[in-house]
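The residues making up each chain are set out below.
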Amino acid sequence: MASKRQIDVGGVLIGGGAPVAVQTMTKTETANLPETMAQVKRVAEAGADIVRLAVPRDEDVEALKIVVKQSPIPIIADIHFNHTLALKALDAGAHCVRINPGNIGGPDKVREVTRKATEVGTPLRIGVNSGSLPKHLAELEKNDPVEALVTAAVEFVDLMEAVDFDNFKVSIKSTNVPNTIAANRLLSERIDFPLHLGITEAGTKWTGSIKSAVGLGTLLADDIGDTIRISLSTFHAEEEVKVGWEILKALKLREKGPVLIACPTCGRLQFDMDSVVAEIEQRLEAYEDPIEVAVLGCAVNGIGEASHADFGITGAKNEGLIFSRGKALRKVPQDQLVDQLFVEIDRYATAKEIAVDASASAEGAEWLAKIEAENAHDLTPERLAAMEAEQAAAESAASPLVDEESSPTAGRRFSRNA
Ligand code: SF4
């Protein structure tokens, strides 16, 4: 269930129906100001809405004071358990402070932090991690780790409400993907505060991205989660931002730049698609329009499943075709496919419309029809999928789940088959 409440982290709204915010965390020593600022700028350029900094010492607070003034995006100070540092981070101008109310030193210290947060108008993030649950939940954790996580989070929420503070978001994190999914589902039914989603210590760029896509993607698809952080074992925090965006783009929750569609290739492949796709992916990073760009490894299927793409390429017999929204744009030599594709994309980026030269388009369509005719009987993966879909549709039409005998439409205002 989507959170009802909303908080404002330095101008970025979290929860209450706001777009899901992408955040990351710097990997530098915060007190190393030049390196920290450089990384903050890099993640902002990569599309981070918010960035978190570790603030474990007084020298990091000093750096924080400058970073919050110079950063192009809001800053969250990560404190965890030192309530004095939390107070200092709030004074330093952090746009949000992350604390763990369970190990910050008791309700009095929590009250001190929330009083200061109220005074300066700054939200908090309260976090629960599977590795640091309160001791009284140890037995429950052994028997039911999901319930233990949710109980700890709800206890923290109750503590916040007991000290009259409601300007916060909540995170429940675990290294275990199914537990993270189950715990956030349960928590979203019990509280209406914004939720921060993440998989703790997800792993390398490869495994961490997959775990995060599965865990966070499942929750986001159910409309659970208001901000996400992908935790990857890399010093390039911008990689976390890119993965976060790909998850949101895949779920159509937000748009940012082009979407690349590429066939998986098979024995019919007609050009060096690996390097072509890699080059196109890299060059597309410079564009902002949310266009779809398709790369098909052969022209045997025609434009087929990529017919909705704004731009696409395919090739056969040393030649290639640039197409757009189901229509041929023009035929080009295969070694010019990528450059000519970007001529079309650049033209679109400037004019915001697709230019079609009728005679070049007709020549391209003729070439494509010839390739399709030559390969009309090939059972390509796409044609097999289309045949399976056709067969399934025919079977369901032959024996519908509901028919006139089981549920007559006579006398109703609609006809089932109209
Ligand atoms: S048949 Fe399909 S999967 Fe194989 S190369 Fe052609 S477009 Fe790609």
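Within any chain, residue numbers begin from 1 and follow the written order of that chain's sequence. It should be noted that, the model being predicted, local features are given only for residues of pLDDT at least 70 and side-chain atom pairs only at 80 or more, the latter also being counted only at that level, while totals for whole chains, interfaces and linings use all residues.

## Overview of the sheet that holds strand 14 (residues 319-324)
Item 1. Two strands qualify as a pair provided DSSP detects at least 2 bridges between them. Secondary structure counts use DSSP, requiring at least four H or I residues in a row for a helix and at least two E residues in a row for a strand, with both numbered from the N terminus. Taken together, 5 strands build an open sheet; the order of strands is 11-12-13-14-15 and the sheet is mixed. The sheet is open, and its two edges are formed by strand 11 (259-262) and strand 15 (327-333), each paired on a single side. The mean angle between the axes of side-by-side strands here comes to 20 degrees, regardless of whether they run parallel or antiparallel.
Item 2. In the sheet, strand 13 (residues 311-316) pairs with strand 14 via 5 bridges, with the strands oriented antiparallel. Paired with A316 across the bridge in strand 14 is E319. To get an axis, fit a line to the C-alpha atoms, keeping to the stretch in contact for a helix; angles then go from 0 to 180 degrees between the N-to-C directions.

## Observations concerning the sheet that holds strand 8 (residues 168-173)
Item 1. With parallel pairing, 8 strands are arranged side by side around a closed barrel as 3-4-5-6-7-8-9-10. Taken over all neighbouring pairs, the strand axes of this sheet differ in orientation by 25 degrees on average, direction set aside.
Item 2. Looking at chain direction, strand 5 (residues 75-80) and strand 6 (residues 96-99) are connected through 4 bridges and run parallel. When the sheet's bridge partners are listed, H80 is paired in strand 6 with I99.

## Focus: unusual backbone geometry
Item 1. We note that D223 has phi near 65 degrees; this positive angle belongs to a residue other than glycine.
Item 2. Summarising the element assignment, D223 is placed in the loop between helix 8 (205-221) and strand 10 (227-229).
Item 3. Neighbour density around each residue's C-beta defines its exposure: 20 or more other C-beta atoms within 10 Å make it buried, 12 or fewer make it exposed, and counts between make it partly exposed, where C-beta atoms are placed from the backbone. Among the residues examined, D223 registers 13 C-beta atoms within 10 Å and is labelled partly exposed.
Item 4. One non-glycine residue, T265, lies in positive phi territory at about 70 degrees.
Item 5. With 17 C-beta atoms counted inside 10 Å, the residue T265 sits in the partly exposed group.

## Overview of the nonpolar core
Here is a general trend for soluble globular proteins: nonpolar side chains tend to be buried in one another's company.
Item 1. Grouped together as the largest cluster of nonpolar side chains are 76 residues, with contacts concentrated most on L64, A77, A89, A94, V97 and A153.
Item 2. Broken down by element, the residue count for this core peaks at 9 residues, all from helix 6 (residues 145-162).
Item 3. With near-sequence residues (within four places) excluded, A77 lies in contact with L53, V55, L64, A89, A94, V97 and R98.
Item 4. Listed in part, the 28 residues of the second largest apolar core include V300, L321, L337 and I371. For this analysis, nonpolar core means a set of buried Ala, Val, Leu, Ile, Met, Phe, Trp, Tyr and Cys residues linked through C-beta atoms within 7 Å. Here, residues touch in the contact sense if the C-beta positions derived from the backbone fall within 7 Å of one another.

## Things to note about the environment of F323
Item 1. Looking at where F323 falls in the secondary structure, it is placed in strand 14.
Item 2. Along the primary structure F323 and R412 are separated by 89 residues, whereas in three dimensions their C-alpha atoms are 47 Å apart.
Item 3. Apart from the residues lying within four places of it in its own chain, the contact partners of F323 are I303, G312, A328 and L329.

## Remarks on the environment of K169
Item 1. You can see K169 is positioned in strand 8.
Item 2. For K169, a count of 24 C-beta atoms within 10 Å puts it in the buried group.
Item 3. With 41 residues separating them in the primary sequence, K169 and I210 have C-alpha atoms 25 Å apart.
Item 4. Residues within four places of K169 in sequence aside, it is in contact with I7, I14, G15, P123, R125, F193, P194, L195, H196 and D226.

## Topic: the domain arrangement of the chain
Interface size, as often reported, equals the accessible area lost upon joining of the parts.
Item 1. Boundaries between domains were set according to an automatic or database domain assignment. In terms of domain boundaries, the chain breaks down into domain 1 (6-250) and domain 2 (259-374).
Item 2. Spacing between the C-alpha centres of domain 1 and domain 2 amounts to 42 Å.

## Notes on the pairing of strand 15
Item 1. The pairing of strand 14 with strand 15 spans 6 bridges and is classified as antiparallel. When the sheet's bridge partners are listed, G320 is paired in strand 15 with V332.
Item 2. Linkage of strand 14 to strand 15, two consecutive antiparallel strands, is achieved through a turn of 2 residues, within which R325 is found at a positive phi near 45 degrees.

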